[in-house]
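Here is how the chains run, residue by residue.
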Amino acid sequence: MIDNIATEFYWLVLTIIMTGLLWIPQIIHSILNVGPTKAFLFPDEATTKYADWAKRSKAAHSNAVDNLIIFVPLTILVVSLGADNELTAIAASVYFFARAAHYFMHTLAVPLMRTLMFLVGFACQAVMALSILIAL
């Protein structure tokens, strides 16, 4: 067991796991809506039968993946360069909760909160990036 894992890595792992699970509600909807055969063999066709919330869920998951591509290397660089500090630890934890809230706000069609949560996540990434630049 790792005793001294960086707080940023802890939140990174949780964010990766969460992002990896966000597709589940949409797939369950697809299976229940069009049946397992069409859901698994013809997923593009199955998406045409999605309810609006499932379409938004799919888009929110895609957005989470897109942002994970930025968050992962920033977090790895922060820790590996020794730029981790209390602010980057807070940013990593806030990022996790902002992305979770973004998913739900997007799926539930709450536009202002969705955008606000996206911006909070972006601010967390900016904190990480600035910490890297300061360390260089």
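These remarks concern the structure in this document. (Residues numbered from 1 in each chain as written. Predicted model: local features only at pLDDT ≥ 70, side-chain atom pairs only at ≥ 80, totals over all residues. Heavy atoms only, no water.)

Structural notes on unusual backbone geometry
Phi is positive for Ala109, close to 60°, though the residue is something other than glycine. Within the secondary structure, Ala109 sits in the loop between helix H6 (86-107) and helix H7 (111-135). (Helix = DSSP H or I, 4+ residues; strand = E, 2+ residues; numbered from the N terminus.)

A word on the pattern of salt bridges
Under the criterion given, the structure shown has 1 salt bridge. Lys38 serves as the salt-bridge partner of Glu45, at 3.0 Å between the closest nitrogen and oxygen. By relative accessible area, which is 27% here, Lys38 ends up partly exposed. (Salt bridge = Lys/Arg side-chain N within 4 Å of Asp/Glu carboxyl O. Buried < 20%, exposed > 50% of the residue type's maximum accessible area, 1.4 Å probe, protein only.)

Focus: the environment of Ala83
By the secondary structure assignment, Ala83 is in the loop between helix H5 (52-80) and H6. You can call Ala83 buried: its relative accessible area is 8%. Along the backbone, Ala83 and Ile5 are 78 residues apart, and their C-alpha atoms lie at a distance of 14 Å. Leaving out residues up to four positions away in the same chain, Ala83 has contacts with Val78, Thr88, Ser131, Ile132 and Ala135. (Contact = heavy atoms within 4.5 Å.)

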